[in-house]
Amino acid sequence: MADYEINLGKTLKELRNHQGITQKELGKKLDLTSQAYSRYETGDRLPDLKMACRIAGYYHITLDQLVCRGLHPDPASIDPFGSLPEGYRQLLEDYHKLPARSQERLLEYMEFLKYKEKKKETAR
């Protein structure tokens, strides 16, 4: 059995248990039998893409979370700045490379710049 099947089953069971519902109740909500859902949880069977989308939509998670990453991915594998534009990402990465005191000084300087800009705007 492939790793993603095992992760899918664990994720499905965790999500269902978190909501405190039975496989039968969930089956009714998703229009499938409790036996079919049970096979998804045990990894004996994979849902088709349409059903996987319905399950992910029901739980308000992405297909990637449902099938691949799970609900608790390895923190080292996540790029916290990945969705930011390149300039912002670089700024944050550089900031985090600075020692703590330099980070504090940079934040103080940013506050000073914001103050100057606000002062300019009110003078207009």
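Thresholds, definitions, all that
- Residues numbered from 1 in each chain as written.
- Predicted model: local features only at pLDDT ≥ 70, side-chain atom pairs only at ≥ 80, totals over all residues.
- Heavy atoms only, no water.
- Helix = DSSP H or I, 4+ residues; strand = E, 2+ residues; numbered from the N terminus.
- Buried < 20%, exposed > 50% of the residue type's maximum accessible area, 1.4 Å probe, protein only.
- Contact = heavy atoms within 4.5 Å.
- Areas by Shrake-Rupley, 256 points an atom, 1.4 Å probe, with all protein chains shown as cover.
- Core = buried A, V, L, I, M, F, W, Y, C linked by side-chain atoms within 4.5 Å.
- pLDDT = per-residue confidence, 0-100.
- Salt bridge = Lys/Arg side-chain N within 4 Å of Asp/Glu carboxyl O.
- Phe/Tyr/Trp six-rings, centres within 6.5 Å; stacked < 30°, edge-to-face > 60°.
- Axes fitted to C-alpha atoms, helices over the stretch in contact; angles between N-to-C directions.
- Parallel < 35°, antiparallel > 145°, perpendicular 65-115°, else oblique.
- Nonpolar A, V, L, I, M, F, W, Y, C, P; charged D, E, K, R; others polar.

## Overview of the overall build of the protein chain
Thought 1: Each helix and strand in the protein chain was counted, giving seven helices and zero strands.
Thought 2: Listed by position from the N terminus, the elements making up the protein chain come as α-α-α-α-α-α-α.
Thought 3: Here the protein chain, with 124 residues, has 25% of them falling under the buried criterion.
Thought 4: Residue pairs at least 24 apart in sequence account for 47% of intrachain contacts in the protein chain once pairs closer than 6 positions are excluded.
Thought 5: Total accessible area computed for the protein chain in this model is approximately 9,200 Å², and 55% of it derives from carbon and sulfur atoms.

## Here's the deal with the nonpolar core
Thought 1: Tyr37, Ile55 and Leu66 are the most contacted members of the largest nonpolar core, which totals 17 residues.
Thought 2: For this core, the elements supplying multiple residues, two or more each, are helix 1 (3–19), helix 2 (23–30), helix 3 (34–42) and helix 4 (49–59).
Thought 3: Element by element, the count of residues in this core is highest for helix 4, at five residues.
Thought 4: In this structure leucine 66 touches Leu8, Thr11, Leu12, Leu15, Ala52, Ile55, Ala56 and Ile61, once residues within four positions along its chain are discounted.

## Things to note about the confidence of the model for the protein chain
Thought 1: Of the residues in the protein chain, 87% have a pLDDT of 70 or more, and the chain-wide mean is 84.
Thought 2: Low pLDDT (under 50) marks residues 1–5, which in the prediction has seven contacts with non-local residues, meaning those over four places away or in another chain.

## Some words on the pattern of salt bridges
Once their charged atoms are close, side chains differing in charge can pair, the charge on each being opposite to the other.
Thought 1: Tallying each qualifying case throughout the model produces six salt bridges.
Thought 2: We note a salt bridge from glutamate 41 to arginine 16, for which the minimum N-O separation is 2.5 Å. Taken together, the residues glutamate 41 in helix 3 and arginine 16 in helix 1 connect sequence positions 25 residues apart.
Thought 3: Accessibility expressed as a relative area gives 11% for glutamate 41, which makes it buried.
Thought 4: Residue classification places arginine 16 among the buried residues on the basis of a relative accessible area of 9%.
Thought 5: Notably, a salt bridge pairs lysine 120 with glutamate 117, separated by 3.4 Å at the nearest N-O pair. Taken together, the residues lysine 120 and glutamate 117, both in helix 7 (residues 100–123) and three residues apart, mark about one turn of the helix.
Thought 6: Where salt bridges share partners, they join Arg101, Glu104 and Glu108 into one cluster.

## Thoughts on unusual backbone geometry
Most peptide bonds adopt trans geometry, and most residues besides glycine take a negative phi value.
Thought 1: A positive phi angle, close to 60°, is found at aspartate 31, a residue other than glycine.
Thought 2: Structurally, aspartate 31 can be placed in the loop between helix 2 and helix 3.
Thought 3: We classify aspartate 31 as exposed; its relative accessible area is 66%.
Thought 4: Even without a glycine there, the phi angle at histidine 60 is positive, about 60°.

## Quick notes on the packing of aromatic side chains
Thought 1: Per the stated rule, a full pass over the model turns up three aromatic pairs.
Thought 2: When the ring of tyrosine 58 is compared with that of tyrosine 59, the centres are 4.9 Å apart and the planes differ by 75°; the resulting orientation is edge-to-face.

## Points about the packing of helix 2 against helix 3
Thought 1: Interaxial distance between helix 2 and helix 3 falls to 8 Å at its minimum, and their mutual angle equals 105°. On the basis of their axis angle, the class for helix 2 and helix 3 is roughly perpendicular. Counted together, Gln23, Lys24, Leu26 and Leu30 of helix 2 and Ser34, Tyr37, Ser38 and Glu41 of helix 3 form the full contact between these two elements.
Thought 2: Partitioned by chemical class, the residues of the contact of helix 2 with helix 3 number three nonpolar, three polar and two charged.

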